[in-house]
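# Examination of the molecular architecture
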Amino acid sequence: MRHASLLAWSLGLLSLGLVALGFCIGSAGFENLLGPLLNPEQDPAQAAMARQIVWEIRLPRTLGAWMAGALLGLAGAVAQGLFRNPLADPYLLGSASGASLGVALALVALGGAAGMLGGNMMNGAATVSMFSSSLWVRLGLTGAAFCGAVLAVLLTLVLARGVQHTLRLLLAGVIVGVVLGAMTSLVLLFSPDSLQAMQAFMLGSTGFVGWTACGLMAVVWALCLVAAWVLARVLDGLSLGEATAQSLGLPLAPLRAALVAVLALATGTAVAQTGLIAFVGLAAPHLVRAAVKVPHGRLMGLASLMGAVLLAAADLLARGLIAPQELPVGVLTAVLGGGYLLWLMHRRTRGMTAGAML
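Scope of this entry: the structure provided in the associated data block. What you see is a predicted model; the values in this text were computed from it and never measured. (Residues numbered from 1 in each chain as written. Predicted model: local features only at pLDDT ≥ 70, side-chain atom pairs only at ≥ 80, totals over all residues. Heavy atoms only, no water.)

### Some thoughts on the overall build of the chain
Note the following rule: Labels follow the DSSP assignment, with helices taken as runs of H or I lasting at least four residues and strands as runs of E lasting at least two, numbered in each case from the N terminus. Residue contacts are counted whenever heavy atoms from the two residues lie within 4.5 Å of one another. Only the protein chains shown count as covering a residue, and every accessible area follows the Shrake-Rupley method with a 1.4 Å probe.
Secondary structure assignment for the chain yields 16 helices and two strands. Put simply, 77% of the contacts in the chain that link residues at least 6 apart link residues at least 24 apart. Per element, the accessible surface of the chain, about 16,500 Å² overall, is 72% carbon and sulfur.

Right, dumping it as C-alpha cells:
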C-alpha cells in the first residue's frame, strides 16, 4: 500500500515537472517564454506572441500528450487483465487498423487539403497557421479515425460471437487487424497522394492537439477510469482463472463486454487525436508491476499515470532532440519501449538460465 502511494505521488510530481517543461520546449528547442509572460510591459508584441505560443500550442500539446498516454496506459492494463496476457496491448481488437482505414478513406475523400495537413505534421513552425486554416480537415480526420476504431472493434465482436471466449476474441481481433490493414494498403495504392499524410498518422504526432481535444480526452479518461475501477474485481477474478471467476458469482459475459467497451473507447479516443503510438499501452502496466504488486483496481490508476508520464516525456524529447525539426513521437516510443522489452526479455532469459544451472 505504501509503495503504491509513493509511486502515485512520484508519477504525479513527474507529471507536473513535464508540464512545466512543456512551457519551455518548442520547435526551436529549449526556449523559455515565461519572462515575456511575466513582464508584458517590456515588449507587448513579444508578450502577445509568447502568450499565443504557450497557451495555444505548447500547453494544450503537453496536456494532450499526457491525456493520450493516460488513455493508452489504462487501455493496456485493461487489455492485459482481460486477456490474461502480459504482452497484450490496446490495439489487439483491431482498433488501430480500423482507425488507419478510416483516416485513409478520409484522406482520399478530402483530397489535397488533407495531404497538405499531413505533410506539415512534422514541421513545428507551420503548426499554428496550418491548424487554424485546416481545422475542419483535422476534425474530419479525427472523426474518421474514431469511427474506424469503433467499427473495427464491433466487427471483432461479431466475428467472435460475443465476448464469452477470450481466445476467440483475440483471434478475431488479429484477423480483423490483418484484413483492415490490407484494405488500408489497397486504398493508398490507388491514392498515392495520400501516402505522406497517412505516414504522419501511422508514425504518431501530438502536434495538432488543441484544447478541444484535451477536453474530450479528459472526459473520456475520467469515464473509463471510473468504469475500469468498478470492473477491477472481474479482472482480479480472471487472473485466478476462469473457474475461480465464475465461482465468485460474477456475470462474466456482460462484465467482459463492459471491459471491451472501456478498452475500445479509451483506445479509439487516443488514436483519433494522436495517431498510432506504439508500446505506451504495453510498457506502462509492465513498469508498474515491476515496481509494486497491487490488485487491478490500483493497477488501472497507476498504469494510466505511467502511460501519461511516458508519452509526455517522449513528446518533449520529440520536440527538442533535433530542433528545429521534430521527430515523430511514435518512433521514440517504439524505440524506447522496444528497448525496454528487449532488456526485460534478456533479464528473464538470464534468470532462467541461472536457475537451470543451479
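### Focus on the pattern of salt bridges
Where we set the bar: For salt bridges, the criterion is a side-chain nitrogen of Lys or Arg within 4 Å of an Asp or Glu carboxyl oxygen. Exposure is judged per residue with a 1.4 Å probe applied to protein chains only, and the accessible area is read against the type maximum: over 50% gives exposed, under 20% gives buried, and values in between give partly exposed.
Applying the stated criterion to the full structure yields two salt bridges. The partner of arginine 61 in a salt bridge is aspartate 315, and the shortest N-O contact between them spans 3.1 Å. Note that arginine 61 is positioned in helix H3 (residues 44–83) and aspartate 315 in helix H15 (residues 296–320), a separation of 254 residues in sequence. Judged by relative accessible area, arginine 61 falls into the buried class, the value being 6%.

### Here's the deal with the packing of aromatic side chains
Let me state the cut-off plainly: By convention, a stacked pair of Phe, Tyr or Trp rings (six-membered ring in the case of Trp) has centres within 6.5 Å and planes under 30 degrees apart, an edge-to-face pair has planes over 60 apart, and any other such pair is tilted.
Scanning the model with the defined rule gives one aromatic pair in all. Relative to tryptophan 221, the ring of tryptophan 66 has its centre 5.5 Å away and its plane inclined at 85°; by these criteria the two rings are edge-to-face. In this pair, tryptophan 66 sits in helix H3 while tryptophan 221 sits in helix H10 (residues 211–230), placing the two residues 155 residues apart along the sequence. As far as the burial class goes, tryptophan 66 and tryptophan 221 line up, both buried.

### Here we look at the packing of helix H4 (residues 95–110) against helix H8 (residues 166–189)
Put simply, the test is: Each axis is a line fitted through C-alpha atoms, and for a helix only the stretch in contact is used; angles between axes span 0 to 180 degrees, taken between their N-to-C directions. The labels follow the angle: roughly parallel below 35 degrees, roughly antiparallel above 145, roughly perpendicular from 65 to 115, and oblique for the rest. Left-handed is the label given to a crossing in which the near helix is rotated counterclockwise from the far helix by less than a right angle, and right-handed is the label when the rotation is clockwise. All amino acids are sorted into three groups, where Ala, Val, Leu, Ile, Met, Phe, Trp, Tyr, Cys and Pro are nonpolar, Asp, Glu, Lys and Arg are charged, and the leftover types, Gly among them, are polar.
Running from amino to carboxyl end, H4 crosses H8 at an angle of 20°, the nearest separation of the two axes being 8 Å. In this view, H4 runs roughly parallel relative to H8, as classed from their interaxial angle. Read as a crossing pair, H4 and H8 show a hand that is left-handed. Contacts from Ser97, Gly98, Ser100, Leu101, Ala104, Leu105 and Val108 of H4 reach H8 at Gly177, Leu180, Gly181, Met183, Thr184, Val187 and Leu188. Classifying every residue of the contact of H4 with H8 gives eight nonpolar, six polar and no charged.

### Structural notes on the side chain of glutamine 80
Using the following cut-off: Any N or O atom pair separated by 3.5 Å or less is treated as a polar contact, with the protein-specific requirement of one donor-capable and one acceptor-capable atom, and with residues adjacent in sequence counted only for side-chain atom pairs.
By secondary structure assignment, the location of glutamine 80 is in helix H3. A polar contact of 3.4 Å, which involves the side chain of glutamine 80, links it to the backbone oxygen of proline 86. When sequence neighbours within four positions are dropped, the list of residues in contact with glutamine 80 reads Asn85, Pro86, Ala88, Gly281, Leu282, Pro285, His286 and Arg289.

### Topic: H10
To be explicit about the condition: Multiply 1.5 Å by the residue count of a helix minus one, and that product is the helix's expected span. Think of the arc as the fan of directions from the helix axis to the C-beta atoms.
Taking 1.5 Å per residue, 20 residues should reach 28 Å; H10 reaches 29 Å between its end C-alpha atoms and fits that length. Among the residues making up H10, those that are buried are Ala213, Cys214, Met217, Val220, Trp221, Cys224 and Ala228. Here the buried residues of H10 occupy an arc of 135° about the axis, which is enough to place them on one side. For H10, exposure combined with an orientation more than 90 degrees from the buried face picks out Thr212, Leu223, Val226 and Val230.

### Brief notes about H4
Three- or four-residue spacings in an α-helix give side chains the same orientation, since the helix completes a turn every 3.6 residues. Between its first and last C-alpha atoms H4 spans 22 Å; for 16 residues at 1.5 Å apiece the expected length is 22 Å, and the two agree. Counting buried positions along H4 gives twelve out of 16 residues, so the element sits mostly inside the fold. Looking only at H4, the buried set comprises Ser95, Ala96, Ser97, Gly98, Ala99, Ser100, Leu101, Gly102, Val103, Ala104, Ala106 and Leu107.

### Examining a nonpolar patch on the surface
As a reminder of what qualifies: For patch building, the residue pool is restricted to those with more than 30% relative accessible area and no salt bridge; the joining distance is 9 Å between like charges and 5 Å between nonpolar side chains (Val, Leu, Ile, Met, Phe, Trp, Tyr).
A cluster of nonpolar side chains, Leu155, Val158, Leu159, Ile175, Val179 and Met183, forms an exposed patch at the surface whose accessible area comes to about 540 Å². Those elements giving two or more residues to the nonpolar patch turn out to be helix H7 (135–160) and H8. Relative to the elements of secondary structure, valine 179 occurs in helix H8.

### With respect to unusual backbone geometry
Of note in this structure, phenylalanine 279 is not a glycine but carries a positive phi near 70°. Within the fold, phenylalanine 279 resides in the loop between helix H13 (252–274) and helix H14 (280–291).

### Quick look at the packing of helix H1 (residues 2–22) against H15
H15 packs onto H1 with a crossing angle of 25° between their chain directions and a minimal axis gap of 10 Å. Relative to H15, the element H1 lies roughly parallel. Seen along the crossing, H1 lies across H15 with a hand that is left-handed. Within the contact between the two elements, H1 uses Ala4, Leu7, Ala8, Leu11, Leu14, Ser15, Leu18, Leu21 and Gly22 and H15 uses Leu302, Leu305, Met306, Val309, Ala312, Ala313, Leu316 and Arg319. Taken together, the residues of the contact of H1 with H15 sort by class into 14 nonpolar, two polar and one charged.

### A look at the side chain of threonine 267
Structurally, threonine 267 is set in helix H13. Here the side chain of threonine 267 touches leucine 263 through a polar contact of 2.8 Å, landing on its backbone oxygen. Discounting residues that sit within four places of it in the chain, threonine 267 has contacts with Ala75, Pro90, Tyr91 and Ser95.

### Things to note about the environment of aspartate 193
Tracing the sequence through the fold places aspartate 193 in the loop between H8 and helix H9 (195–203). Accessibility expressed as a relative area gives 71% for aspartate 193, which makes it exposed. For the pair aspartate 193 and valine 108, spaced 85 residues apart in sequence, the C-alpha to C-alpha distance is 8.4 Å.

Functional significance is not addressed by these values, which are geometric in nature.
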